[in-house]
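Summary of the model geometry
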Amino acid sequence: MLTALRTSDNEKVLARSSAKPDAPFMCPACRCEVVLHKGLMRIPHFAHKARVACRLGAGETEDHLLTKLSLFDALRKEANVQDVELEKSFGTSVADVFAIISGVPVAIEVQRSALAIGEITARTAEYHRLGIAVLWIGIPNGDLGLSRYSLAAWERWCHAAYFGRVYYWAGGQTLRPIHFAPLSIRVEESTWRKHGHVHSAGGYDKRSRRWRKPQPGEPVLVSNGFRRTCRPAWAGTSVRIPECTLFIDAQAKWWE
C-alpha cells in the first residue's frame, strides 16, 4: 500500500514522504502495524509487519502501485479536480484513487488479477449506493496491438458494464479505451471416406468464443474526457451488471 497512518498523530501519510524514524505506522483498514519499505529499485510502500487477513495492499504488483501513484500525481495538477486522495476508505471498499472531478465524486479502481468478479460487482454496487461514480481501469494481460486477444473475466465484465469498452492505463491520467469486436475464425474443410461413402465437414467461418479483435479509441484524460452515467441492472449469458453509477468517456462509439 502507498499510504498508512502515522501512529504518533494518526495522520494519513504517503510512503514516499515518510522516513523510518517516523515509525510506527499502522494499516488504515485493519489497524495492524505496517513497515515502510524504501529503496532504489522499488516504489516506496508499506507492508503488513505480520501476516494478517487484510485485503488492503494484498495482491498489488509494482505496476499496480505505479498506476495508482501516477494517477494521483496527475489529477492533483488539474484545476477542475479537488480532494484527490490515495487509498480512500469507504468502509467495505477502499478506492485506489478518489477525486471530485468537475463536481462529480469518482472512485478510481485499478483492476488486478486477484480481485474476483463477485468483488468487482459488490464494490460497484456499493459506490452506487454512496452516490459515487466508479471508473475501473486495468493493465492489459497481453498485447492489445495484436489482431486477436483473449479477454480475462474482469475485462469481459468491464466491457459489458461500460457499454462496449475497457479502459487501460497509458501513463499519467491518460487511458486507452478499447472495444473488443467479435472475431470469426475459419473452420477448414476436410473430407474422409467411411463405409464406402465420402463425408465432408468444415469450410465455413464461425464466431470465436475465446478470441476478440481489439479496436482502440482515442486516448482520453480522466480529468476532462469522462462523464457521470447511471445505468440499470443488466444480465447476460455469463455477466451480471448491478444498477450502478459509472464514470464513462464522452467519445462516440468509434467502432460503428
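Provided above is the structure to which this section pertains.
Here we summarise the structure given alongside this text. (Residues numbered from 1 in each chain as written. Predicted model: local features only at pLDDT ≥ 70, side-chain atom pairs only at ≥ 80, totals over all residues. Heavy atoms only, no water.)

Remarks on the overall build of the chain
Counting its secondary structure elements, the chain contains three helices and 20 strands. Projected onto its principal axes, the C-alpha positions of the chain cover 90 × 40 × 35 Å. Here the chain holds 256 residues, and 43% of them are scored as buried. Within the chain, residue pairs in contact and separated by at least 24 positions form 54% of the contacts whose partners lie at least 6 positions apart. Accessible area for the chain stands at about 13400 Å²; split by element, carbon and sulfur atoms hold 51% of it. (Helix = DSSP H or I, 4+ residues; strand = E, 2+ residues; numbered from the N terminus. Buried < 20%, exposed > 50% of the residue type's maximum accessible area, 1.4 Å probe, protein only. Contact = heavy atoms within 4.5 Å. Areas by Shrake-Rupley, 256 points an atom, 1.4 Å probe, with all protein chains shown as cover.)

Points about the environment of proline 216
Along the polypeptide, proline 216 turns up in strand E15 (residues 204–216). Classification of proline 216 by relative accessible area gives exposed; the value is 53%. Taking C-alpha positions, proline 216 is 23 Å from alanine 133, a pair spaced 83 residues apart along the chain. Among residues more than four places away in sequence, those in contact with proline 216 are Pro177, Ile178 and Trp254.

Examining the sheet that holds strand E3 (residues 25–26)
Reading across from one edge, E2-E1-E3-E4-E5 is the order of the five strands in this open sheet, with antiparallel pairing throughout. Of all the strands in the sheet, just strand E2 (11–14) and strand E5 (45–48) have a single pairing partner and so form its edges. With two bridges joining them, strand E1 (residues 3–6) and E3 adopt antiparallel strand pairing. Its bridge partner lying in E3, arginine 6 is registered against phenylalanine 25. (Pairing = 2+ DSSP bridges.)

Re the packing of helix H2 (residues 117–129) against helix H3 (residues 153–161)
Running from N to C, H2 and H3 point in directions that differ by 35°, and their axes come no closer than 10 Å. Here Ile117, Ile120, Thr121 and Thr124 of H2 come into contact with H3, specifically with Ala153, Trp154 and Trp157. Looking at the contact of H2 with H3 residue by residue, the class counts come to five nonpolar, two polar and no charged. (Axes fitted to C-alpha atoms, helices over the stretch in contact; angles between N-to-C directions. Nonpolar A, V, L, I, M, F, W, Y, C, P; charged D, E, K, R; others polar.)

Things to note about the pairing of strand E4 (residues 33–37)
Here E4 shows one buried face, formed by Val34 and Leu36, and one open face, formed by Glu33, Val35 and His37. Relative to E4, E3 runs antiparallel, the two being bridged by two bridges. Bridging across to E4, methionine 26 finds its partner in glutamate 33. Linkage of E3 to E4, two consecutive antiparallel strands, is achieved through a turn of six residues, within which arginine 31 is found at a positive phi near 65°.

Quick word on the pattern of salt bridges
Scanning the model with the defined rule gives 15 salt bridges in all. Note that glutamate 85 and lysine 12 form a salt bridge whose closest N and O atoms lie 2.9 Å from each other. Taken as a pair, glutamate 85 in strand E6 (residues 81–89) and lysine 12 in strand E2 lie far apart in primary sequence, 73 residues in all. Assessed through its relative accessible area of 26%, glutamate 85 is described here as partly exposed. Since its relative accessible area comes to 28%, lysine 12 is described here as partly exposed. The salt bridge partner of glutamate 87 is lysine 68, with a shortest N-O separation of 2.7 Å. In this pair, glutamate 87 sits in strand E6 while lysine 68 sits in helix H1 (residues 62–75), placing the two residues 19 residues apart along the sequence. Glutamate 87 gets classed as buried once you look at its relative accessible area, which sits at 3%. Overlapping salt bridges bring together Glu60, Lys68, Glu87 and Asp96 as one network. (Salt bridge = Lys/Arg side-chain N within 4 Å of Asp/Glu carboxyl O.)

Observations regarding the pairing of strand E7 (residues 94–101)
In terms of burial, E7 is largely enclosed, as seven of its eight residues are buried. Summarising the sheet, E6 and E7 pair through six bridges and their orientation is antiparallel. Its bridge partner lying in E7, glutamate 85 is registered against phenylalanine 98. The hairpin formed by E6 and E7 contains four residues between the paired strands, and glycine 91 there has a positive phi angle of roughly 85°.

Quick word on the nonpolar core
A general tendency of soluble globular proteins is for nonpolar side chains to be buried together. Among the nonpolar cores identified, the biggest contains 55 residues, and Ile108, Leu135, Tyr162, Val222 and Phe247 are the most heavily contacted of them. Excluding its chain neighbours within four sequence positions, the residues that come into contact with tyrosine 162 are Val134, Leu135, Trp136, Tyr167, Leu246, Phe247 and Ile248. Listed in part, the 12 residues of the second largest apolar core include Met1, Phe46, Leu56 and Val94. (Core = buried A, V, L, I, M, F, W, Y, C linked by side-chain atoms within 4.5 Å.)

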